[in-house]
Protein chains: 2
Amino acid sequence: MPHGYNGKILRVDLSSGKLVTEEPPENFYRQYFGGEGFISYFLLKELPKGVEPLSPANKLIFAAGPLTGVPAGGCGRHSVGGKSPLTRGYGEADSGGYWGAELKMAGFDAIIVEGKAEKPVYLFIKDGEAQIKDARHLWGMKALECQNAIREELADPNIKVAQIGPGGENLVRFACVMNDLDAAAGRTGMGAVMGSKNLKAVACRGHQRVSLADPQAVKDIARWIKENTPITLKGMRDFGTARLIPTLNNAGGLPTRNFQLGSIEGADKVSGQAMADTILVNRRACFACSVQCKREVKVDEPYVVDPSYGGPEYETIAALGTDCGITDLKAIAKGNELVNAYGLDSISCGATIAFAMECFENGLLTKKDTGGIDLRFGNASAMLQMVEQIALRQGFGDTLAEGVARVSKKIGPAAEEFAMHIKGQELPMHEPRWKQGMGVGFSISPTGADHCHNMHDSVYTEMTPSLEMLQGMGILEPMPLNDLSSAKVRLLKYYSEFIHFLNCAVCCYFVMSLALVGLDRITQLVRSVTGWDTTFFELLKVGERSANLARVFNVREGFATKDDDMPQRFFAPHGSGPLKVALDPEAFHKAKEIYYNMMGWPNGAPSSDKLGELGIEWALPLLQTK
Amino acid sequence: MPHGYNGKILRVDLSSGKLVTEEPPENFYRQYFGGEGFISYFLLKELPKGVEPLSPANKLIFAAGPLTGVPAGGCGRHSVGGKSPLTRGYGEADSGGYWGAELKMAGFDAIIVEGKAEKPVYLFIKDGEAQIKDARHLWGMKALECQNAIREELADPNIKVAQIGPGGENLVRFACVMNDLDAAAGRTGMGAVMGSKNLKAVACRGHQRVSLADPQAVKDIARWIKENTPITLKGMRDFGTARLIPTLNNAGGLPTRNFQLGSIEGADKVSGQAMADTILVNRRACFACSVQCKREVKVDEPYVVDPSYGGPEYETIAALGTDCGITDLKAIAKGNELVNAYGLDSISCGATIAFAMECFENGLLTKKDTGGIDLRFGNASAMLQMVEQIALRQGFGDTLAEGVARVSKKIGPAAEEFAMHIKGQELPMHEPRWKQGMGVGFSISPTGADHCHNMHDSVYTEMTPSLEMLQGMGILEPMPLNDLSSAKVRLLKYYSEFIHFLNCAVCCYFVMSLALVGLDRITQLVRSVTGWDTTFFELLKVGERSANLARVFNVREGFATKDDDMPQRFFAPHGSGPLKVALDPEAFHKAKEIYYNMMGWPNGAPSSDKLGELGIEWALPLLQTK
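Predicted, not measured: the structure shown is a model, and the values here were computed from it.

## Section: the state of the cysteines
With the rule as written, the count across this model stands at zero disulfides over all chains. Looking at Cys75 of chain A, it has no disulfide partner, and the nearest cysteine sulfur is the one in Cys507 of chain A, 5.9 Å off. Free cysteine: Cys293 of chain B, not disulfide-bonded; nearest cysteine sulfur from Cys286 of chain B at 6.1 Å. Overall, Cys293 of chain B belongs to the buried group, its relative accessible area being 14%.

Structure representation (structure tokens):
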């Protein structure tokens, strides 16, 4: 067994209560790596075509990677995946915090959860042993309450808990899997899958450090990261992910009023800088990381916001804030507390409310529909009410809990125009008219609109240190934001394969990319952890392999190139504001064609020889059963 | 300007006598790198379609790379290229020795020779200055004589000379460019191109060491190579490239009697071991290398063999020896002296004689044709006579100087069956029925049958250290010799891109691959030399880029997939001997199709999006002018 892994995957059948430990061969680990790579492998191999996402036949996979739990900055992440109840395709989300590292130290690389428990249960994993435990008394609890209860009954305050809140219990389609109270595997509705299995939580406790092939080399790299990230990620530490809100707002790249606009008056009031000046009480970090990009906020009035749940990140501020026309930081902080406590993806939740607000303002919804709530842009208390109603499936929240794709279909064609989603997943808070390559990335991402296998055009418009880093992939020249030439598509392909790899490793995009750790140092880190004589080429191929498996999964489920779409809104410019350009439909569709060709995806599906090149010929018959 | 380069390319117009120094931008160097990368770039950009290879419109390019001249083992190589008079396609050959390092130390990265001198000339490059000098007195000289004359008239015994012999002067289509008397840029007839330009030699002398970004890191790697190659390449040192002759013979993989057989009685008499026991007087190394895989032999009777010209390598022993049915080591040593003195590619020369022998034995040629020579397999003195006649275009040699493709056409259809060539270039001494993936590589190589952008199946049939090294490319499992599945094609694709890269670097395949220096250490060497924050991914893309440029060149010149062929002989097994298998036509053609698809070459030509991915969209219009 290579270093960096436990060599053990736990398989849990909740229907029968059976727990099995599997020990895959070394080459399984080297090809599929971990995280997203494990998830795409197991989902494709094990799920029959057409499984209902919220049925016992779906599987929920928690997966660490070789870097998870390694004592170095950026190594505190894990992935959660299954077939998505939001997109009915490949579902996966990644999360930071401490839980993933604890899973590794508890002796497992991944957990595959199958079937459905008769009654609510939770899983307890400690030092190589796993038990299914009664969770009936935990059902209905919010995250803090549940975490406290588990720690208390197991008499260990250091237990790490990944869990669903009432959102997941109630099968909100964009419910997330929370861990450590302030970290979310947010996207694609994995919390609903967990809820459908009557699985309330997975509690981990371990004492076995991750085995390292060359501990001294790992230590040296960890020291480099520790010494350099305070410089390279100073803004991230000081102001968190929301540090760029003023920049975005000035450029017209800040999603506002359901993506009708790209800037908003009062944006400065919700920036990371404003937060630091007002409600921030602490900065938080993930396992082994000194960056501290996470926030902790405290508010006493007009809302009481519990610092236990951290503080809002950029995506949350934009989704529950500006995209809903709201610039009240305290209200957003309260919203953040609620989505974390209830276990909802803040992006999809905010985007769904923003969508409903636009419907409301256009008369497609009325107070009759909303139970009297004046669901207008800018109405912070309406937003907060809706978050709670969605999680509890109360009132109009029961409708919105289905996400914008389904709700817009229900309201009718006029509403579909306002539905900012791709493949059923709501857009994250990045303006595709501004970052146009990322827009192409949204349309072809396996999880629908998602920034988590994607690139940010704005970082590469001049010879920045970030672009210098990509020279190690042969990307030598800067490109404009709205360039959609083959050079931009190449950047998208290479960079998103890099991110797919990071999601397999599993490690942090901020540290491993933004902090300029460098492609060679990342390679050396993997070498030092695993002992594999690997290269960055092999690592990118890991990412490409995983991206292809996820694509095959979606093609088998019936997705076609027409589903790699983009809401019409983005082909017209903002009505006002600094950003004057829109996506050009011709350039956009041409870029997708270039992407398919570069990927070896004729007609959007991986060719047999692309699968062969990646050593996954076994996926070909699955592709052909579509 | 990056370290590792001079930043200067010398352009010489022999028609006008004009010398120009060009200074390309850094990104030119980073994308095209050197050696093969420069050659494929300049040939495609600068040669109009359909140029006559032996006309003044062809260009001859001498190119070093960033590793050429770096003080580390394996770094004493350069490339020579132009449109091939043998294939009428992309032509290029690489050579070891000292000349390439001297070119770098003399201040240039490459020389582009254009036009044709009125009278024989040579080029003298010293410490950044270049002159065209009269060579009328050198014309007709053999290599040693010419080198001595140049050193004498320039009064510097340390001048390094690359030159043609009478073979190149007489436009033998497989004439080579010799350097340092015992090293040849052998294949594709670059000596004839040089001869057609009336350019006898390029003499270099330089005192400027190659600039290194991190001299200490380079030193450390050089020390590693120096300490480890005596172990990893012990057999190569002790017995040279001919060390494997007994193994090949036992397996039926030793080309014998024009590839009719794969083994020969008396093979042991021509092995590297036999040479060491008999005629070997010294071992030689290239610049900065301690491997000493090159030989120096001395024979006094029945032939006098001058040790100045080194000794025969494997390819020469098989081509002039076993493939001609000859196992007389002294005769082969004499043949080696002759091809080096006259400047002929020993492979094509031997293969052409072997072809003629088969024609002779089958009555397609008679003594009337051969001027009385009894051109039968096993007749060593006939072989030696033919080598001399070919170089001097005397007697029947004038016919054979055209190479097997042209001679077989002249003799007629019955002879074509015996013509072991692809695209006009004679097969090197590797049996494609034995190494079947290499056979596919022969058929798709840009230079026709060539082992210099290729892989050797025999190294990967079990978990060897060589295969372990390739795990860093994601090649994890061994494969049988005759496997032609997508796994084998992937190996061919990745590995030949690696070799294409080594030809761009320019450095030695033996040291950088066989000696197990390792993919990461090679990457670190490039990083330490150039200062570029590169990865193995970028380096493989350099190789892929160069392979694609060469392919575009050939497609523009009219080559199509039908030209990626294989002599029919190889689809039937040997008449006798240990090797029982042949190439299976269906598997072979399927493997080529897989290869095209993996390369992004629909219908055999690079797609616009493959060119885009490699950042060479500029080549697309050239492709379309076909």
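## So, the environment of Thr447 of chain B
Residues and elements named next belong to chain B. By the element assignment, Thr447 lies in the loop between α19 (436-444) and α20 (465-470). Taking C-alpha positions, Thr447 is 5.8 Å from Gly91, a pair spaced 356 residues apart along the chain. The residues touching Thr447, leaving out its near neighbours within four places in the chain, are Thr87, Tyr90, Gly91, Glu92, Thr188, Gln425 and His453. One polar contact links Thr447 to Ser445, side chain to side chain, over a distance of 3.1 Å.

## Considerations on the sheet that holds strand β11 (residues 183-185) of chain A
Residue and element names in this part refer to chain A. Read from one edge of the open sheet, six strands run β8-β7-β12-β9-β10-β11, paired in mixed fashion. Both outer strands of the open sheet, β8 (129-134) and β11, are each paired with one neighbouring strand and no more. Geometrically, the sheet is characterised by an average inter-axis angle of 20 degrees between neighbouring strands, direction not taken into account. One ladder, built from four bridges, connects strand β9 (residues 160-163) with strand β12 (residues 199-205); its direction is antiparallel. Among the inter-strand pairings, Val161 is bridged to a residue of β12, identified as Ala203.

## Examining the packing of aromatic side chains
For the structure on display, the rule yields 55 aromatic pairs over all chains. Relative to Phe588 of chain B, the ring of Phe571 of chain B lies with its centre 5.5 Å away and its plane at 75 degrees, an arrangement referred to as edge-to-face. Taken together, the residues span a long stretch of sequence, with Phe571 of chain B in the loop between α24 (536-556) and α25 (585-599) and Phe588 of chain B in helix α25 at a distance of 17 residues. With respect to burial, Phe571 of chain B and Phe588 of chain B carry one shared label: buried. Its end group placed over the ring of Trp224 of chain A, Arg521 of chain A keeps NZ or CZ at 3.8 Å from the ring centre. Its guanidinium or amino end placed over the ring of Trp618 of chain B, Lys45 of chain B lies 4.3 Å from that ring's centre, counting from NZ or CZ.

Conventions and cut-offs
- Residues numbered from 1 in each chain as written.
- Chains lettered and ligands numbered in written order.
- Predicted model: local features only at pLDDT ≥ 70, side-chain atom pairs only at ≥ 80, totals over all residues.
- Heavy atoms only, no water.
- Disulfide = S-S within 2.5 Å.
- Buried < 20%, exposed > 50% of the residue type's maximum accessible area, 1.4 Å probe, protein only.
- Helix = DSSP H or I, 4+ residues; strand = E, 2+ residues; numbered from the N terminus.
- Contact = heavy atoms within 4.5 Å.
- Polar contact = N/O pair within 3.5 Å; in protein donor to acceptor, adjacent residues only side chain to side chain.
- Pairing = 2+ DSSP bridges.
- Axes fitted to C-alpha atoms, helices over the stretch in contact; angles between N-to-C directions.
- Phe/Tyr/Trp six-rings, centres within 6.5 Å; stacked < 30°, edge-to-face > 60°.
- Lys NZ or Arg CZ within 6 Å of the ring centre and 35° of its normal.

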